[in-house]
Amino acid sequence: ELLRGSDRQCIELMRMSREAYFRLCMHFRHKLWLHDSRYVSVEEKMAMFLTIIGHNERYVVIKRRFQHSSQTIHKYFHEVLAAMMTFAREMIVPSTFDPNPDIPGTHKSLRRIFKGAVGALDGTLVHAIIPASQQTVYRGRGKGKCYQNVLGICDFNMIFTFVYAGWEGVAHDSRVLTEVMAEPNNNFPFPPPGKYYLCDAAYTNTRGFMVPYRNVRYWLGDFRRRRAMTKEEKFNHAHAKLRNVIERAYGVLKTRFPILDKMAPYPFNVQRNVVIACFAVNNFIRKEKINDELFAQYEEPQMVTEQVGQEEEVEFATIGSHWGAGDIQFMSNMREEIAVQLIGNI
C-alpha cells in the first residue's frame, strides 16, 4: 500500500515523502545495517519504525496496521533503532567550519559581516517519561511535565552538526554545555580560532561563543513594532536573525516527529536514542536535497518560532574550566567590532 500509494500517504504516515523513504531504505540496505527477514522486508521494518516515531503510536496500533504480532513489532523497532545509532554517527557530523557565506542558507550579507560564525548553538526540551522517584530533576520550567534537555548545533543550512541528548530538564542550558565540553568522549566540536557559534543570552560571551548584548532587546518579535536604534540593538537584531536558523531547525524537527512533544514510555536510554534517530533522519532529508514540505515551510528566514524559556539569566558558572578573562574580553572586542560595522552599513 505504501510502496504503490500516493506521496501524500507516505507523508501522512511516515512524515516524509516517498522519495525520502525509498532513499532511506536503500541507504540502510547498501550499508548492510538492515536486512530482509523471512517475512519482513527492510522497507516494512523502516515503515513500522517511522510510523511509531512519527505518530507516537503504540505497538498495538502498528500491529493492526501492519498485521504482525506485538513481539514482531517490538523486535524490529529495536533492530531499526540500533541501526539508527550507527546512521546518526554518519549523519550528524561536525561542521567543516567553512566561513564561505555562499554555502546554502539565508542572510548572506549578514553572514559576511559575522564572517567567523559557523552556526548556531542552543538547547531544546524534549518530553520524557521518567519514573516517579526521579522526576524532580526532569520537571520542565514551570510546566509540570518531565523533559530531557537536548543540546544542538546547526549550520546555516539547518543541518545539525552536533547533538547531545539525555540531560535533566531543569539543567540550565549553560551548565549542559559546560558538562558536555568537559567530557572528552563527547567529541564536542570546538570552533577553531576566530570562529564561533551564535548563542542566546543563556550562555557566556567568550571565545568560540558569541551571545547578544544583555538587557537590550533581542528576540525577533521585539523588533516588529520599533526598529533597532542603538548599535547594541542593531547587533542584537542582526544576531537574532542569524541565530534564528536553529529555532527553525528545531521547528522542522518537532513538527516532523510529534513523539518529541509526547514521548512513549520506553526506558530512558531508548527515549534518548529515539531523539537522536529523529535528528539523524531529519539531517538525511536535508543533506539529500529532497524536496520536503516541512523544510520549505520553515525556510522562511523571518519565521518566528515560539521562544521557549527566553532566558536572560545570569549565566551558570561556565567560566573557569575552559575560559579565562582574556577569552571573554576577546569575544567582547569582536562583538563590538561587528556592532560598529553594522552601524556603518546602515
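An unreviewed UniProt entry annotates the protein chain as DDE_4 domain-containing protein of Cephalotus follicularis. Turning to the protein chain, the UniProt annotation filed under Sequence similarities (unreviewed entry) states: "Belongs to the HARBI1 family." The heading Cofactor (unreviewed entry) in the UniProt record of the protein chain holds the text "a divalent metal cation".

A.B. asks: Quick question: what am I supposed to make of unusual backbone geometry here?
C.D. replies: With glycine set apart, most residues show a phi of negative sign, and most peptide bonds adopt trans. Phi is positive for Leu 32, which is not a glycine, with a value near 65°. Even without a glycine there, the phi angle at Lys 289 is positive, about 55°. Secondary-structure assignment places Lys 289 in the loop between helix 9 (268-287) and helix 10 (293-298).

A.B. asks: Help me understand the environment of Val 340 in this model?
C.D. replies: As for its placement among the helices and strands, Val 340 is situated in helix 11 (residues 325-345). Distance in space between the C-alpha atoms of Val 340 and Lys 234 is 9.4 Å, their sequence separation being 106 residues.

A.B. asks: Quick question: what am I supposed to make of the sheet that holds strand 1 (residues 117-127) here?
C.D. replies: Sheets are built from strands that pair by backbone hydrogen bonding, the pairs being arranged parallel or antiparallel. What the 5 strands build is an open sheet, ordered 3-2-1-4-5; its pairing is mixed. Looking at strand neighbours, the two that pair on one side only are strand 3 (160-168) and strand 5 (209-210), the edges of this open sheet. When strand 1 meets strand 2 (residues 147-154), the two strands line up antiparallel, connected through 8 bridges. Bridge pairing in strand 2 links Gly 123 to Leu 151. Most of the contacts of helix 7 (residues 173-182) go to strand 3, to which it runs at about 110°, and overall it touches strand 1, strand 2, strand 3 and strand 5.

What counts, and at which threshold
Residues numbered from 1 in each chain as written. Predicted model: local features only at pLDDT ≥ 70, side-chain atom pairs only at ≥ 80, totals over all residues. Heavy atoms only, no water. UniProt positions renumbered as here; feature names shortened; annotations may be inferred. Helix = DSSP H or I, 4+ residues; strand = E, 2+ residues; numbered from the N terminus. Pairing = 2+ DSSP bridges. Contact = heavy atoms within 4.5 Å. Axes fitted to C-alpha atoms, helices over the stretch in contact; angles between N-to-C directions.

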